[in-house]
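Below, each chain spelled out in residue letters.
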Amino acid sequence: MTEGDAGGGPGTPRTYARRWLFLLVVGLLSCSNATLWLSFAPVADVIAQHFLLSMEQVNWLSLIYFAVAIPSGIVAIWVLDSVGLRAAVSQTLPLAFSGTGGPLRLDIGAMASCADQGLPVALDSGTAVGWLEVGVPCGLEWAAAFGLSLQTILGAWLNFLGSALRALPCMAVGIPNPFAFFMAGQSLCALAQTLVISPAKLAALWFPEHQRATANMIATMSNPLGVLVANLLSLALVKKGEDIPLMLGVYIIPASLACLLATTCIWESVPPIPPSAGAASSTSEKFLPGLLLLLQNKAYVILAMCFGGGIGVFSSFSALLEQILCVSGYSSEFSGLCGALFIVFGILGALILGLYVDQTKHFTEATKIGLCLASLACVAFSLVAQLQGQAIVLAAICSLLGLFGFAVAPVAMELAIECSFPVGEGAATGLVFVLGQAEGVLITVLLTALTVRRTDPSFSTCQHGEDSLDWTVSLLLMAGLCTLFTCVLVLFFHTPYRRLQAESGELPPPRRPSPTPKPPPEAPQKAPALPAPLEDPRDCDQGPV
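With respect to the overall build of the chain
- Per the secondary structure count, the chain includes 18 helices and eight strands.
- Expressed as a percentage of the 545 residues in the chain, the buried residues total 49%.
- Expressed as a percentage of contacts within the chain between residues at least 6 apart in sequence, the contacts between residues at least 24 apart total 81%.
- When the accessible surface of the chain is totalled, it reaches about 25300 Å², and 68% of it is carbon and sulfur.

The following block contains the structure:
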């Protein structure tokens, strides 16, 4: 079950093959959650007509994710880095020796009582540090010790229950208010989104440093992959109102599979032995002290605000793409194609950039260059989207926007951890996620508020009796915001890679002060002789010793 640990001592960092299974489960859960988020949007007109709902009500089935994610995201950060992360005081604890041949001194704080339980101790006599291999968690609540796995399992169950609750109005007869069931199901799915362990946290705890960016990329890109699946699958399944039960039933399948795998396969929060020094120090700061450190970290604040703003711009782009293009005469099918190209090329770019960064560790350079190119693509889109008959150019621009913009997301999350170490990964990436959601809501509301009714002849293909709107000011504002966030990040963001330095020994992670003052040093004394090893009873009849 281990890789790369042959010949290493008990304290050697190890990797476990089951880390790929955990990555698969988290990726499937994230993908399923994203499909549930946007499953109604591609067929909004059919949903509204079949259930006698307004378009505003159908839009709220997607917007509820933002409304729930912001407050519950803050709570999830606390759970991840305050409760769940106690598990990192895991089954492997560092031991310090008082000297060669001297007595063993256990420096494990509140876990010292574990030594009274007859736990096996594996020592590496050739080094100054050994590892205490603990069979069961000691001195911790069971739920706290397995907090990360329980949190993810809870998210999987909420995701499954939400998908089933959405389908209830189509399965039962005589339900008076189906919209209430839809909103309740979407709310449970939105809450589940914040409970799933963050990709950066999973990569930090289970993967070695040369695989972290790739693992983070795979788990992160599973979310836009789910968005792509929802856009294609809903349109393929629903042609008329009678097809809606089939669509809702199909979306239950991946949710139930993710729930089953999470419940049966995620049985531990952290590996028995960390894969890197950074993983061993993953819980150095509690929630509130860590949050204060983040707010005092200039580099992190700049990255969180600018990259969070970038997340907001891309969220607005995805949500308003069809409305922007239809006023220039482009069909809904073409808008869907542009959205699909945006996601597909984003996943491709993330794969390439993740592999590159894993080998070179150029987090800052990759983030800055990617955002600069994405800003140029955003400016080009804001100009070309107002022209008619530019389908090929628009498709190419959307592809480039995804290639450069989406690809930066997992790398920027890794960079947030590097510049904020030793603050927990859950807090470092979760705060960026919450800021991105909040800025996405503000930017979307602002862009829609700045639209005006067109006075010139219209080529609009917008449906549902919508007025032809002029998006010129909104598009220029979107391009300006994207450029502003990029310029601030490029000019003012500078940081060392603190986690990598800690793992290489250049910057050892800070330790908490001892609760009691240390006694004054005593004069050196002769180390007491160690007790003679016990003889094997089978050797007792072999003559005198």
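Points about the environment of A203
- For A203, the location among the structural elements is in helix 7 (residues 199–206).
- Relative accessible area serves as the criterion here: at 0%, A203 is assigned to the buried category.
- Along the sequence, A203 and R19 sit 184 residues apart, while their C-alpha atoms lie 8.9 Å from each other.
- The contact partners of A203, leaving out residues within four places of it in the chain, are R212, A215, N216 and E414.

Notes on the pattern of salt bridges
- This structure, assessed with the given rule, holds three salt bridges.
- Among the salt bridges present, the one from K240 reaches D243, with a minimum N-O distance of 3.7 Å.
- Overall, K240 belongs to the partly exposed group, its relative accessible area being 45%.
- In this structure, the salt-bridge partner of R499 is E414, at a minimum N-O distance of 2.7 Å. On the criterion of sequence distance, the pair formed by R499 in helix 18 (residues 498–504) and E414 in helix 15 (residues 391–420) is long-range, its members being 85 residues apart.
- Residue classification places R499 among the buried residues on the basis of a relative accessible area of 1%.
- The exposure class of E414 is buried, given its relative accessible area of 1%.
- A network of salt bridges, in which partner residues are shared, links E414, E418 and R499.

Comments concerning the nonpolar core
- Ranked by internal contacts, the top residues of the largest apolar core, which has 104 residues, are I47, M247, Y300, L325 and F381.
- By residue number, the principal contributor to this core is helix 12 (residues 298–326), which donates 15 residues.
- Aside from chain neighbours lying at most four places away, what touches M247 is S39, F40, V43, I47, S234, L237 and V238.
- Grouped together as the second largest cluster of nonpolar side chains are 22 residues, L29, L205, C265 and V270 included.

Some details on the packing of aromatic side chains
- By the definition in use, this model includes 12 aromatic pairs.
- Consider the rings of W157 and F160, whose centres lie 6.1 Å apart with planes at 85°: the pair is edge-to-face. In this pair, W157 and F160 are both assigned in helix 5 (residues 147–171), three residues apart and thus about one turn of the helix distant.
- Ring plane angle 90° and centroid distance 5.4 Å describe the contact between F363 and Y497, whose orientation is recorded as edge-to-face. You can see F363 sitting in helix 14 (residues 363–384) and its partner Y497 sitting in the loop between helix 17 (472–492) and helix 18, a full 134 residues away along the chain. Note on accessibility: F363 and Y497 belong to one class, buried.

Observations concerning a nonpolar patch on the surface
- Judged by side-chain polarity, V344, F345, L348, L351, I352 and L355 come together as a nonpolar surface patch covering roughly 490 Å² of accessible area.
- Structurally, F345 is set in helix 13 (residues 332–360).
- Given a relative accessible area of 30%, F345 falls into the partly exposed group.

Focus: the side chain of R166
- Summarising the element assignment, R166 is placed in helix 5.
- Residue class for R166 comes out buried when judged on its relative accessible area of 0%.
- A distance of 2.7 Å separates the side chain of R166 from the side chain of S39, its partner in a polar contact.
- A polar atom in the side chain of R166 sits 3.0 Å from the side chain of Q186.
- Leaving out residues up to four positions away in the same chain, R166 has contacts with L36, S39, F40, F181, F182, G185, Q186, L248 and Y251.

Reading guide: rules and limits
- Residues numbered from 1 in each chain as written.
- Predicted model: local features only at pLDDT ≥ 70, side-chain atom pairs only at ≥ 80, totals over all residues.
- Heavy atoms only, no water.
- Helix = DSSP H or I, 4+ residues; strand = E, 2+ residues; numbered from the N terminus.
- Buried < 20%, exposed > 50% of the residue type's maximum accessible area, 1.4 Å probe, protein only.
- Contact = heavy atoms within 4.5 Å.
- Areas by Shrake-Rupley, 256 points an atom, 1.4 Å probe, with all protein chains shown as cover.
- Salt bridge = Lys/Arg side-chain N within 4 Å of Asp/Glu carboxyl O.
- Core = buried A, V, L, I, M, F, W, Y, C linked by side-chain atoms within 4.5 Å.
- Phe/Tyr/Trp six-rings, centres within 6.5 Å; stacked < 30°, edge-to-face > 60°.
- Patch = residues over 30% accessible without salt bridge, like charges linked within 9 Å, V, L, I, M, F, W, Y side chains within 5 Å.
- Polar contact = N/O pair within 3.5 Å; in protein donor to acceptor, adjacent residues only side chain to side chain.

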